[in-house]
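In case you want the letters, here they are:
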Amino acid sequence: MKTFKILIMKPNSVKKNSIYAIIGICITIAACNRPIEHDLIIRNINIIDVVTGKTLQNQTIAIDNNQISKIYSENINFSASSEIIEGKGKFITPGLFDNHMHIAHLTCYGGDTLQTRLAEFVHNGVLYFRDVGGPVDVLKRLKSKISSGDLIGPDIYYTGPMLESSPLHWEKINEELPEFTVPLDTRDDVDSLLPILAKKGATMIKTFSNIKTELYPYIVDVARKNNLKIVHDPGSPLFNQIPINMALELGVTTIEHSMAAWCYILKDEYRIELDTLLQQDTNIRQKMVFMFEMADMGIESISEERLKALCMLMKEKNAVYSPTLNVFKGFLSEIEEEIANGNNDEMLFKRKKLLSDFVTIGNYIVREFSENGVKLLVGQDNIDPEGTVKEMVVLSEAGVSNIEVLRGATLYAAEWLELTEKYGSIKPFQIADLVILNTDPLENIANMKDVFMVIQQGKVVKK
Ligand SMILES: [Zn+2]
């Protein structure tokens with residue numbers, strides 16, 4: 001509210017003072033009643049404040065240009081020229097980040113699939129991608145087309161290609177999407193590639209599974225010098241070349257996938273067995289037998305003490321965990337469907353058992369991490385416009401509180417990307433990227449699907 005205080009005092013003149021006071025009040029009232037103008041106003045809305053975890057009821061958000069300019073708690077007389085959205089009974093959250101995407105895959109589909117899917121993400125409230133693996137040139141082009149308005153879609157922050165040691169695990173994908181994965185075998189490779197990625201707009205790199213242990217500290221060092229954060233996927237659920245603790249100690253600040261922590265938190269007796277298998281030239285069969293045994297033990301394979309120590313380490317290093325929980329659940333549902341359709345293959349039943357054990361263990365790790373103060377990111381590891389909210393639902397079902405799930409798709413993502421000045425919460429000077437919901441997501445996180453309206457860069461998104 002704009003008010004003007006006029007203090008005009010003339011000594012020894014009580015009568016005159018009263019007149020001046022009345023004039024002052026009149027001017028104040030006139031200023032209060034003067035309609036206030038903003039480009040866009042969302043009134044009487046319940047703001048989900050992801051910073052405090054509280055819901056601020058009946059607030060009015062004013063937007064000018066592409067920014068939130070002010071939040072009013074009182075009734076305001078707005079000018080008729082302002083566009084007004086009535087938010088009574090509705091809820092508003094910051095726009096969502098999906099933190100584990102490989103969006104370049106969408107460019108392999110023909111027709112208008114790319115545009116349709118990207119727009120669907122926006123309609124579902126997903127306004128930013130953290131893309132963790134794809135050809136850097138494709139991602140750079142997509143980002144620029146989206147920011148110029150040629151394509152409607154979420155803004156993209158990207159790593160560029162998967163970085164592996166030869167032989168490349170993902171080589172097959174390169175046939176369809178060249179430079180999806182590239183080798184990083186020597187210091188020369190690191191020296192030449194990382195500055196190019198930074199120059200092409202990558203703000204982070206993705207290290208994958210089989211990368212050489214002796215090369216890893218050098219990669220981290222060169223990444224740091226090029227202002228590139230590191231997203232690390234240790235690969236196999238147990239047999240990790242760069243295990244979580246090593247990555248964290250070196251300065252990696254995101255670990256991908258729910259099972260990444262498992263090898264570190266195994267009970268001591270199993271860790272000894274695991275180390276022996278890793279050191280010896282063990283064949284894949286022996287490793288698989290061990291993995292099946294551990295999976296079958298479920299959470300009994302896990303040392304509480306080591307899990308707590310890992311949580312401390314994650315917090316100390318300010319690292320986040322991106323569980324992509326729905327991936328295993330998705331595989332499991334596919335197998336269950338095959339079985340339901342009459343496929344009696346014995347291997348199918350074995351895989352079903354293994355995956356359901358992984359789901360149990362992954363859910364447990366994620367819940368314990370969250371309860372012990374480790375920040376989780378929401379990421380789908382898929383290209384499904386509904387996948388972000390599906391992951392949120394699965395995290396909630398695993399026992400993560402709804403506000404922590406929401407933070408994982410908003411505040412924590414912005415924090416990790418160092419974008420909190422502009423994104424991740426609802427307050428003045430943030431970019432007006434907002435999702436209005438018909439129902440309360442803190443009651444039930446699945447209400448994130450119940451989108452009433454999306455505002456991107458201060459503009460209402462039209463379907
Ligand atoms: Zn992935």
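Residues numbered from 1 in each chain as written. Predicted model: local features only at pLDDT ≥ 70, side-chain atom pairs only at ≥ 80, totals over all residues.

A. Seen up close, the overall build of the protein chain. The number of helices and strands found in the protein chain is 16 helices and 18 strands. The principal-axis extents of the C-alpha atoms in the protein chain amount to approximately 100 × 50 × 45 Å. Going through the 463 residues of the protein chain one by one, you find that 42% of them count as buried. A sequence separation of at least 24 residues applies to 72% of the contacts in the protein chain between residues at least 6 apart. (Helix = DSSP H or I, 4+ residues; strand = E, 2+ residues; numbered from the N terminus. Buried ≥ 20, exposed ≤ 12 C-beta atoms within 10 Å, placed from the backbone. Contact = placed C-beta atoms within 7 Å.)

B. The packing of helix α12 (residues 326-340) against helix α13 (residues 346-371), seen in detail. Following both chains from N to C, one finds α12 and α13 inclined at 150 degrees, their axes separated by 9 Å at the closest point. Between α12 and α13, the interaxial angle falls into the category roughly antiparallel. The two elements α12 and α13 meet at a crossing, and its hand is left-handed. Here Phe-328, Lys-329, Phe-331, Leu-332, Ile-335, Glu-336, Glu-338 and Ile-339 of α12 come into contact with α13, specifically with Leu-348, Arg-351, Lys-352, Leu-355, Ser-356, Phe-358, Val-359 and Gly-362. (Axes fitted to C-alpha atoms, helices over the stretch in contact; angles between N-to-C directions. Parallel < 35°, antiparallel > 145°, perpendicular 65-115°, else oblique. Left-handed = near helix turned anticlockwise from the far one by under 90°.)

C. Representation of the environment of Asn-226 in the model. Mapped onto the elements, Asn-226 comes out in the loop between α6 (216-225) and β12 (229-233). Those residues in contact with Asn-226 that lie beyond four places of it in its chain are Leu-194, Pro-195 and Ala-198.

D. Highlighting the nonpolar core. Ile-92, Ile-205, Trp-262, Leu-376 and Leu-395 are the most contacted members of the largest nonpolar core, which has 124 residues in total. The leading source of residues in this core is α13, at eight residues. Both domain 1 (38-94 + 426-463) and domain 2 (95-425) contribute no fewer than three residues apiece to this core. Look past the residues within four positions of Leu-395 in its chain and what remains in contact with it is Leu-325, Val-366, Leu-376, Val-378, Val-400 and Val-405. (Core = buried A, V, L, I, M, F, W, Y, C linked by C-beta atoms within 7 Å. Domains from an automatic or database assignment.)

E. Geometry of the domain arrangement of the protein chain. Each assigned domain of the protein chain is listed here: domain 1 (38-94 + 426-463) and domain 2 (95-425). Domain 1 and domain 2 are separated by 31 Å when their C-alpha centres are compared. At the interface, 24 residues of domain 1 touch 22 residues of domain 2. Elements represented by at least two residues in the side of domain 1 that touches domain 2 include exactly β5 (91-94), β16 (434-437) and β17 (451-456). In terms of residues, the side of domain 1 that touches domain 2 owes the most to one element, β17, which gives three residues. Looking at side-chain class alone, the side of domain 1 that touches domain 2 contains 16 nonpolar, four polar and four charged residues. (Nonpolar A, V, L, I, M, F, W, Y, C, P; charged D, E, K, R; others polar.)

F. Molecular detail of the sheet that holds strand β7 (residues 126-131). A sheet is described by the order of its strands in space; here three strands give the open sequence β6-β7-β8, paired in parallel fashion. Either end of the sheet is taken by a strand with one partner, and the two such strands are β6 (96-101) and β8 (155-158). Between one strand axis and the next, the sheet turns through 20 degrees on average, direction left out of account. Pairing geometry for β6 and β7, over four bridges, is parallel. Residue Phe-97 lies in a different strand from β7, and its bridge partner there is Tyr-128. Against the sheet, helix α3 (residues 136-148) engages β7 and β8, with an angle of about 155 degrees to β8. (Pairing = 2+ DSSP bridges.)

G. Highlighting the pairing of β7. Of all six residues in β7, six are buried; the element is thus mostly enclosed. Once you follow β6 into helix α2 (residues 113-123) and on to β7, the crossover reads as right-handed. Pairing geometry for β7 and β8, over four bridges, is parallel. Bridging across to β8, Phe-129 finds its partner in Ile-156. After leaving β7, the chain enters α3 and then returns to the sheet as β8, a path that is right-handed. (Right-handed = clockwise from strand over helix to strand, strands pointing away.)

H. Region of interest: the sheet that holds strand β9 (residues 162-164). Spatially, seven strands are ordered β10-β9-β11-β12-β13-β14-β15 in an open sheet, and the strand pairing comes out parallel. If you trace the sheet from one side to the other, it starts and ends with β10 (181-183) and β15 (375-376), each paired once.

I. Structural context of the confidence of the model for the protein chain. When the pLDDT values of the protein chain are averaged, the result is 92; 93% of them are 70 or greater. Throughout residues 24-31 the model reports pLDDT below 50, and contacts reaching past four residues in sequence, or to other chains, amount to nine contacts. (pLDDT = per-residue confidence, 0-100.)

J. Expanded view of the environment of Thr-52. As for its position among the elements, Thr-52 is in the loop between β1 (40-49) and β2 (54-64). With 10 C-beta atoms packed within 10 Å, Thr-52 lands in the exposed category.

K. The pairing of strand β11 (residues 204-208), seen in detail. Counting buried positions along β11 gives five out of five residues, so the element sits mostly inside the fold. Alternating positions in β11 separate into two faces, Met-204, Lys-206 and Phe-208 on one and Ile-205 and Thr-207 on the other, with burial throughout. Examined bridge by bridge, β9 and β11 share two bridges and lie parallel to one another. In the strand pairing of β11, Met-162 is matched with Lys-206.

L. Up close: helix α14 (residues 387-397). The element α14 is largely enclosed, with a buried count of eight among its 11 residues. Among the residues of α14, Gly-387, Thr-388, Val-389, Lys-390, Glu-391, Met-392, Val-394 and Leu-395 are the ones counted as buried.

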